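The residues making up each chain are set out below.
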Amino acid sequence: MTRAANEAAKAQRPARKEAEDVPIELGELSELIGYTLKRAQLKIFEDFLRCMAPLQLTPAQFSVLLLLDRNPGRNQTEIASTLGILRPNFVAMLDGLESRDLCARIRSVNDRRSHHLVLTDKGKAVLARAKKLVAAKHEARLNDLLGTDNRAALVAMLAKIADEF
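Attention here is on the structure that accompanies the text.

Each value, and the rule that gives it
- Residues numbered from 1 in each chain as written.
- Predicted model: local features only at pLDDT ≥ 70, side-chain atom pairs only at ≥ 80, totals over all residues.
- Heavy atoms only, no water.
- Helix = DSSP H or I, 4+ residues; strand = E, 2+ residues; numbered from the N terminus.
- Buried < 20%, exposed > 50% of the residue type's maximum accessible area, 1.4 Å probe, protein only.
- Salt bridge = Lys/Arg side-chain N within 4 Å of Asp/Glu carboxyl O.
- Contact = heavy atoms within 4.5 Å.

1. Brief notes about the environment of leucine 158
Relative to the assigned elements, leucine 158 resides in helix 7 (residues 148–164). On the basis of relative accessibility, which here comes to 34%, the residue leucine 158 falls in the partly exposed class. In the structure, leucine 158 is positioned 121 residues away from leucine 37 in sequence and 9.5 Å away in space, judged by C-alpha atoms.

2. Details of the pattern of salt bridges
Enumeration according to the criterion identifies seven salt bridges in this entry. Two residues, aspartate 95 and arginine 105, come together in a salt bridge whose shortest N-O distance is 2.3 Å. You can see aspartate 95 sitting in helix 5 (residues 87–99) and its partner arginine 105 sitting in strand 1 (residues 103–107), a full ten residues away along the chain. Its salt-bridge partner being arginine 105, residue glutamate 98 comes within 2.9 Å of it at the nearest N-O pair. The partly exposed category is assigned to glutamate 98, whose relative accessible area is 30%.

3. Concerning the environment of arginine 107
Looking at the secondary structure, you find arginine 107 in strand 1. The spacing of arginine 107 and asparagine 75 is 32 residues in sequence and 9.4 Å in space, taken between C-alpha atoms. With sequence-adjacent residues up to four places away left out, arginine 107 is seen in contact with Arg112, Ser114 and His115.

Okay, here's the thing in structure tokens:
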């Protein structure tokens, strides 16, 4: 770097520091549903992870445990497809849940390539604790923020997007 370029860079540093104190203008980005939805999802996931820290469950793992509780014996493909999780990612997640003794894979008697999934007793106990934490903390905070009517409207709007878009 030349001496003149180095001095010019030094002269710009204070201006850059001042610019950092001013919020970035989002412009039309703040009006886009996808951007706003993603920002909200990040905040919700951060809160969920804090809430689930004692149980070390991610939102996806919690979702898998919930589905297995309601649908024991369903195969891996059905559960992964319902949650929109790619097969390789789902297999890795199941490996982790199984290593923690939260679920088990049972080989199908009809198709040896297929595995049925069930919660273990430990998985049922962890899920019961997780559901209580989610209801008492995570969902309670969202309910307090949104109110009952807005919460129901938001869930309905998001379901419409998921089902029809």
